[in-house]
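Coordinate analysis (summary)
So you can see what is in the structure, the chains are spelled out below.
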Amino acid sequence: MIPMGTVMAVCMLLGAMGIAMVPILPRVLVIALGSLLLAAGLWNAVWYGLQHFNAFWGQMAFWSGIAMLVSSFVCFRLNRPGFMDKVKPLLPVLALLLLGFGGYYGWTIYNL
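Report follows, based on the coordinates. Since the model is a prediction, treat every value here as computed from it, not as a measurement.

A short note on the overall build of the protein
When helices and strands are counted, the protein shows five helices and zero strands. Reading the secondary structure of the protein in the N-to-C direction produces α-α-α-α-α. In terms of overall dimensions, the protein is globule-like: its C-alpha atoms have a radius of gyration of 14 Å, near the 13 Å expected for 112 residues. Overall, the C-alpha framework of the protein stretches about 45 × 25 × 25 Å when taken along its three principal axes. Of the contacts formed within the protein by residues at least 6 apart in sequence, a portion of 68% connects residues at least 24 apart.

A few points about the environment of M21
Mapped onto the elements, M21 comes out in the loop between α1 (4–20) and α2 (27–51). With 74 residues separating them in the primary sequence, M21 and A95 have C-alpha atoms 9.5 Å apart.

Quick notes on the nonpolar core
Of all hydrophobic cores here, the largest spans 27 residues; its most connected members are I19, V22, L78 and L98. Secondary-structure elements contributing two or more residues to this core are α1, α2, α3 (56–77), α4 (83–87) and α5 (90–110). Residues within four places of V22 in sequence aside, it is in contact with V30, L33, C75, L78, M84 and L91.

Brief notes about α5
Helix length check: α5, at 21 residues, gives a terminal C-alpha distance of 30 Å against a target of 30 Å (1.5 Å per residue), a fit within 8%. Where α5 is concerned, the buried positions are L91, L94, A95, L98, F101, G102, Y105 and T108. Of the surrounding secondary structure, the elements contacted by the buried residues of α5 are α1, α2, α3 and α4.

What counts as what
- Residues numbered from 1 in each chain as written.
- Predicted model: local features only at pLDDT ≥ 70, side-chain atom pairs only at ≥ 80, totals over all residues.
- Heavy atoms only, no water.
- Helix = DSSP H or I, 4+ residues; strand = E, 2+ residues; numbered from the N terminus.
- Rg over C-alpha atoms; globule rule 2.2 N^0.38 Å.
- Contact = heavy atoms within 4.5 Å.
- Core = buried A, V, L, I, M, F, W, Y, C linked by side-chain atoms within 4.5 Å.
- Buried < 20%, exposed > 50% of the residue type's maximum accessible area, 1.4 Å probe, protein only.
- Expected span 1.5 Å × (residues − 1).

Okay, here's the thing in structure tokens:
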């Protein structure tokens, strides 16, 4: 069985790559990416993060889940007129957040 931390790390790293390439991806892939980030973000932030918020990994899950939820919101709203112009400066920030969280998850799991 694959540990959930590994699944979350992969989702965050895929999200970071996808958010960085959102302007050039086809709409179908952007919606698929948004769906993946929404599901992973809800699980991380709402299910695990809030239940274990007193622990370090609960807080990591909560904040990385929030980053995934914001990224999914961006993916779902891209077809709105003028929205891309507003969020273009935010895309590198979201990509770096997801890359940082995913890298930390992956590094920690690798060292276990």
